[in-house]
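Here is what each chain is made of, one letter per residue.
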Amino acid sequence: MRKSLLLLVSLLVAASMVLTACGGAATEAPAPTEAPAAPAEQPTAAPAAPAEKEVLNVWSFTNEIKTMATAFEGKHPDVDVVYTMIPMTNGEYQTKLKASLGTADVPDVVALEAAFVKEWVEADFLADLNDLLPLTEELKTFPAVVQVGANEGVSKGFSYQATPGGFFYRRSIAKECLGTDDPAAVQAMVADLDKFVETAAKIKECSAGKTFMVGTSAELFNPFLANRAQPWVVDDTLVIDPKVEEYVAFAKLMRDNGYESQATQWTEGWFAGMSDTLKDAEGNPVRVFSYFLPTWGLPYVLQPNSGETGGDWALIDGPMAYQWGGTWVGAMADSPNLDMAKEFIKFVALDEENLTNWATGVYTNEYLKAIDPETPEDQKQAPGDFVSSQVVVEKITPEFDGSALYDWLGGQNNYEAFGKAAPKVNGALMTGSDDAIQRAMNDPLASYLLGDITEAEFWQQWLDAVQNLFPELTIPEPPVTG
Amino acid sequence: MRTGRLSTTSYGYLFIAPFIIGFLLFGLYPVYNTLALSLTNTTMMTREAHFIGLENFKRLFADDFFMKAVTNSWLIWLLNFIPQIGIALLLSAWFMNIRLKIRAVGMWRTLFFLPNLLMPAAVAALFFSLFSYYGPANQLMVTAGLQSEAIHYLQKIATTRGLLVFIQWWTWFGWTTIIIMAGMTAIPIHLFEAAMVDGASAGQMFTQITLPLLKPILIFVFVTSLVGGMTMFDIPFLLTDGRGSPASSIMTNNILMYLKFSSSKGHIAFASSVGVLVFIMTTVCALGIFYFLRDREGKATAVPETAPASPPGKGRQPA
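What comes next is a walk through the structure. (Residues numbered from 1 in each chain as written. Chains lettered and ligands numbered in written order. Predicted model: local features only at pLDDT ≥ 70, side-chain atom pairs only at ≥ 80, totals over all residues. Heavy atoms only, no water.)

To continue, consider the overall build of chain A. Regarding its fold elements, chain A presents 21 helices and 13 strands. With 482 residues in all, chain A has 55% of them scored as buried. Partitioning the contacts of chain A with sequence separation of at least 6, the portion at a separation of at least 24 is 74%. Carbon and sulfur atoms provide 54% of the accessible area of chain A, an area that totals close to 19,600 Å². (Helix = DSSP H or I, 4+ residues; strand = E, 2+ residues; numbered from the N terminus. Buried < 20%, exposed > 50% of the residue type's maximum accessible area, 1.4 Å probe, protein only. Contact = heavy atoms within 4.5 Å. Areas by Shrake-Rupley, 256 points an atom, 1.4 Å probe, with all protein chains shown as cover.)

Here it is as structure tokens:
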């Protein structure tokens with residue numbers, strides 16, 4: 001009977017092994033599609049087997065590229081783009097991507113946000129895309145876009161966006177408190193930081209403290225960072241640029257003087273300021289004069305949340321030139337469908353027709369539904385996102401005269417304004433650890449602004465947090481010591 | 001007849017085999033692997049890794065983040081576990097009391113258990129919105145005159161910790177109540193009847209009969225809750241900014257582990273060293289609970305084993 005027990009247990013073990021083997025086979029299923037990659041070039045040649053579509057796995061942290069994925073399927077009926085969206089609110093996307101490395105789950109194409117694109121470009125998991133470089137010359141892709149996606153002469157990612165920053169203000173408030181709503185005149189009033197603070201004081205006084213200059217001073221973090229002389233990390237040492245110190249002092253000044261609404265960025269209160277529906281704790285309405293947002297902030301953030309305030313906004317350069325965000329696309333070197341992945345990247349970031357369609361609102365819901373009937377109702381691409389190709393930008397700029405965005409901006413062409421700012425963007429300041437270093441600052445800075453800790457404690461807490469995240473990094477002495 | 005007896009035994013082995021195999025694959029191997037990883041400098045973003053001995057552990061003790069995480073985990077667990085077990089015992093005693101004759105016990109039990117069914121992500125998002133600067137909590141408190149002005153609840157150490165403790169308590173006391181009631185149901189009613197005949201008070205019955213006979217259940221609640229508390233992650237991670245802010249006051253062991261993993265090229269080895277230390281700490285404490293709550297007289301009590309096989313739902317552990 002002992003034998004039968006042994007037999008039973010071994011049978012069970014064997015069964016479980018078969019089961020796990022099946023599981024393994026299932027996850028590796030996309031692998032066999034490696035072979036048809038080549039014939040995919042001539043789709044009409046193999047009409048005999050139309051059922052077998054080549055699968056391309058695309059991961060992203062927004063639904064933006066999903067629209068392009070559908071458009072891509074329209075051009076390549078033989079490809080099935082499987083789109084996976086993972087939010088990056090607290091870094092979930094980056095973690096999931098790291099965890100997929102070396103497994104069968106690794107995607108073919110990945111979207112990489114400005115805050116962490118360098119981390120991937122500097123590591124050796126992305127495919128070399130240098131053979132696409134001639135296209136960037138043809139399209140006159142903005143230099144910073146190419147620069148950010150490359151490391152040591154190897155291009156590993158391209159973006160369909162260029163993301164220079166702007167300064168959006170409420171015309172009615174400007175007229176009421178500053179005496180004019182003319183963009184040129186208002187620009188003169190916020191041309192540098194001293195003037196910016198003066199104007200903030202004027203607006204506070206004129207509204208008896210019920211109108212704030214900005215939603216939160218955190219919006220100015222990117223402008224300050226864009227004007228640093230050095231990136232965060234040089235030779236494995238953390239650099240505290242004077243601009244970082246200036247930012248901390250500026251944030252404190254804005255808080256202490258009541259020039260900011262104290263709403264946290266990306267929370268309900270911050271959005272409510274855009275539609276003029278913000279109410280303080282006593283239920284009294286309060287207003288926000290301006291928002292610092294880049295190109296994508298206009299069609300994706302400010303305009304959709306602006307409610308009744310459309311037409312009351314204007315766009316100027318603000319006190320500092322900057323850039324903020326952007327999405328790069330790269331291919332995983334381990335991808336079994338590398339050729340198709342490159343084809344996808346080419347379509348997304350380096351295709352004149354696609355970029356034009358993307359920016360001008362050709363990808364309506366009806367357009368996408370004609371390609372894929374299962375496209376959800378809310379999926380579409382409204383016009384206005386700013387693209388990375390100077391050729392396309394110049395071609396479509398006149399189209400924005402008289403568009404809905406033009407009316408929303410009270411008669412301003414956003415494309416023209418951003419088109420002037422885009423070539424000036426500096427891509428050299430980004431390094432791989434930016435995201436984590438900058439995120440680590442939020443919490444101690446909030447405590448410092450609240451007055452819960454001293455400035456010396458703030459610097460110490462932030463530096464400790466950075467060291468905790470990057471044990472290998474050399475950390476300098478804090479600029480202010482207790 | 002020897003064969004018959006053996007075949008019964010072998011059926012036993014057969015029935016526990018799936019658990020043993022599952023445990024070896026998904027329980028023991030990860031522990032071993034974590035231990036092995038913690039002695040290397042493996043990261044997700046670089047392909048090569050070396051054995052570096054106890055370097056990770058040395059680094060961990062060099063800054064005070066690990067001790068902070070351990071302190072936070074214990075503090076948050078104790079602050080929510082003490083009221084949790086207290087309220088659960090009280091509610092169970094009331095519900096089970098034949099003299100009180102509380103009506104609709106089933107409904108109350110369900111109501112108290114409901115928060116446990118909510119997704120942690122939803123609960124965290126709810127509290128984040130409620131207690132944001134421009135959120136309803138501030139408006140309510142200011143208009144009611146309880147606060148002079150709006151407060152950044154989630155940027156203050158005391159209020160953030162308080163909220164976290166409340167959420168943990170609120171989502172888990174119903175679960176604990178149900179487990180304890182299950183344990184109480186198993187106590188033979190004749191013991192209480194005999195005590196009543198002898199003129200025992202309700203308090204005496206509780207301390208002399210209910211509590212001692214509940215011991216196995218209490219050990220179960222204690223240990224699962226301890227494990228849950230030491231590995232608490234989802235709510236504190238989602239409540240603020242994923243780093244346990246403000247001032248790392250709700251950074252628990254697992255958040256620290258996650259931080260180590262998610263930064264610096266995915267330092268999985270460093271994260272493993274946190275995991276190993278938490279594992280050791282939790283094991284020692286769980287063994288301690290078994291030791292101190294063991295049956296000292298060594299005689300078998302009449303309590304049937306009613307502890308449920310595993311905590312319910314989503315692989316979460318009560319905290």
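A few words on the overall build of chain B. Helix and strand counts for chain B come out as twelve helices and zero strands. Overall, chain B shows an N-to-C arrangement of helices and strands of α-α-α-α-α-α-α-α-α-α-α-α. Principal-axis analysis of the C-alpha atoms gives chain B an extent of 70 × 70 × 30 Å. Taking the contacts inside chain B whose residues are at least 6 apart along the sequence as the reference set, 72% of them involve residues at least 24 apart. For chain B, the accessible area works out to roughly 16,300 Å², and carbon and sulfur atoms hold 71% of it.

This next bit is on the interface of chain B and chain A. Counting residues at the interface gives 48 residues for chain B, matched by 49 residues for chain A. Where Lys156 of chain B meets Asp452 of chain A, a salt bridge forms, and the shortest distance between an N and an O atom there is 3.0 Å. Counting the contacts that link chain B with chain A gives eight residue pairs in polar contact (both at pLDDT 80 or more). Among the elements that take part in the side of chain B that touches chain A, helix 1 (residues 2-37) of chain B stands out by supplying eight residues, more than any other. The class makeup of the residues in the side of chain B that touches chain A is 22 nonpolar, 18 polar and eight charged. (Salt bridge = Lys/Arg side-chain N within 4 Å of Asp/Glu carboxyl O. Polar contact = N/O pair within 3.5 Å; in protein donor to acceptor, adjacent residues only side chain to side chain. Nonpolar A, V, L, I, M, F, W, Y, C, P; charged D, E, K, R; others polar.)

All names here are of chain A. This model, assessed by the stated rule, comprises 17 salt bridges over all chains. A salt bridge links Glu343 to Lys346, with the shortest nitrogen-to-oxygen separation between them at 3.8 Å. With a gap of three residues between them, Glu343 and Lys346 both fall in helix 14 (residues 338-349), about one helical turn apart. Its relative accessible area of 25% is what places Glu343 among the partly exposed residues. A salt bridge links Glu352 to Lys395, with the nearest nitrogen and oxygen atoms 2.2 Å apart. Pair noted here: Glu352 is in helix 15 (residues 352-360) and Lys395 is in helix 17 (residues 390-396), with a separation of 43 residues, a long-range link. Under the relative-accessibility criterion, Glu352 is labelled partly exposed at 31%.

Quick look at the packing of aromatic side chains now. All names here are of chain B. One pass over the full model with this rule turns up 57 aromatic pairs over all chains. Between Trp108 and Phe112, the ring centres sit 6.2 Å apart and the planes meet at 25 degrees, which makes this aromatic pair stacked. Residue Trp108 and its partner Phe112 are both found in helix 4 (residues 105-113); the two are separated by four residues, about one turn of the helix. Given the relative accessible area of 34%, Trp108 is considered partly exposed. Among the aromatic residues, those joined into a ring-pair cluster are Phe95, Trp108, Phe112, Phe127, Phe131, Tyr153, Phe166, Trp169, Trp170 and Phe173. (Phe/Tyr/Trp six-rings, centres within 6.5 Å; stacked < 30°, edge-to-face > 60°.)

The next subject is the state of the cysteines. All names here are of chain A. Tallied over the full model, the rule gives one disulfide over all chains. Each disulfide pairs two cysteine sulfurs, and for Cys177 the partner residue is Cys206, the sulfurs being separated by 1.9 Å. Here the disulfide of Cys177 and Cys206 is left-handed, its torsion about the S-S bond being about -55 degrees. Residue Cys177 is located in helix 7 (residues 171-178), and its partner Cys206 is located in helix 9 (residues 193-206); the two are separated by 29 residues in the primary sequence. Looking at Cys177, the relative accessible area reads 12%, which means it is buried. (Disulfide = S-S within 2.5 Å.)

Looking now at the pairing of strand 13 (residues 327-331) of chain A. All names here are of chain A. Among the five residues that make up strand 13, five are buried, leaving the element largely enclosed by the rest of the structure. Residue alternation in strand 13 divides its side chains into two sets, Thr327, Val329 and Ala331 and Trp328 and Gly330, and both sets are buried. As judged from the two bridges shared by strand 6 (residues 158-159) and strand 13, these two strands associate in the antiparallel manner. Looking at the pairing, Phe158 lines up with Val329 of strand 13. (Pairing = 2+ DSSP bridges.)

Turning our eyes to something else, we now look at the sheet that holds strand 2 (residues 79-85) of chain A. Residues and elements named next belong to chain A. With mixed pairing, five strands are arranged side by side in an open sheet as 2-1-3-13-6. Lying at the two open borders of the sheet, with one neighbouring strand each, are strand 2 and strand 6. Running at roughly 175 degrees to strand 2, helix 2 (residues 64-75) makes contact with strand 1 (54-60), strand 2, strand 3 (109-113) and strand 13 of the sheet. Against the sheet, helix 14 engages strand 1, strand 2, strand 3, strand 6 and strand 13, with an angle of about 160 degrees to strand 13. (Axes fitted to C-alpha atoms, helices over the stretch in contact; angles between N-to-C directions.)

Glancing now at the nonpolar core. Grouped together as the largest cluster of nonpolar side chains are 192 residues, with contacts concentrated most on Trp120, Phe196, Met213, Trp232, Phe344 and Trp462 of chain A. With residues near it in sequence (within four places) discarded, Trp462 of chain A still touches Trp232, Leu238, Ile240, Ile437, Ala440, Met441 and Pro444 of chain A. (Core = buried A, V, L, I, M, F, W, Y, C linked by side-chain atoms within 4.5 Å.)

This paragraph deals with the side chain of Glu73 of chain A. All names here are of chain A. Here Glu73 shows up in helix 2. Here Glu73 is buried and forms no salt bridge, its nearest opposite-charge partner Lys53 lying at an N-O distance of 6.0 Å. Beyond its immediate chain neighbours, meaning those up to four positions away, Glu73 contacts Val79, Asp80, Val81, Ile371 and Asp372. (Lys, Arg positive; Asp, Glu negative; His and termini not counted.)

Let's shift gears to helix 3 (residues 92-100) of chain A. Inspection of helix 3 of chain A places Tyr93, Gln94, Thr95, Leu97, Lys98 and Ser100 of chain A among the buried residues, and these make up the whole buried set. In this structure, the buried side of helix 3 of chain A is in contact with strand 1, strand 3, helix 4 (114-122) and helix 20 (434-450) of chain A together with helix 11 (253-262) of chain B. Once helix 3 of chain A ends, the next one or two residues include Gly102 of chain A, with phi positive near 75 degrees.

Residues and elements named next belong to chain B. Nonpolar side chains collect at one region of the surface, where Leu90, Trp94, Leu100, Ile102, Met107, Trp108, Leu111, Leu114 and Leu117 lie side by side and expose about 820 Å² of accessible area between them. When contributions to the nonpolar patch are tallied by element, the ones reaching two or more residues are helix 3 (65-96) and helix 4. A total of three residues in the nonpolar patch trace back to one element, the largest contributor, which is helix 4. Within the secondary structure, Leu111 is located in helix 4. Judged by relative accessible area, which is 42%, Leu111 ranks as partly exposed. (Patch = residues over 30% accessible without salt bridge, like charges linked within 9 Å, V, L, I, M, F, W, Y side chains within 5 Å.)

Before going further, it helps to spend a moment on unusual backbone geometry. A cis amide bond links Ser245 of chain B to the next residue, Pro246 of chain B, at an omega of 5 degrees. Within the secondary structure, Pro246 of chain B sits in the loop between helix 10 (234-239) and helix 11. Residues other than glycine seldom take positive phi values, yet Asp236 of chain A does so here, at roughly 60 degrees. On the secondary structure map, Asp236 of chain A appears in the loop between strand 9 (233-234) and strand 10 (237-238).

Such coordinate-based values are descriptive only and should not be taken to indicate function.
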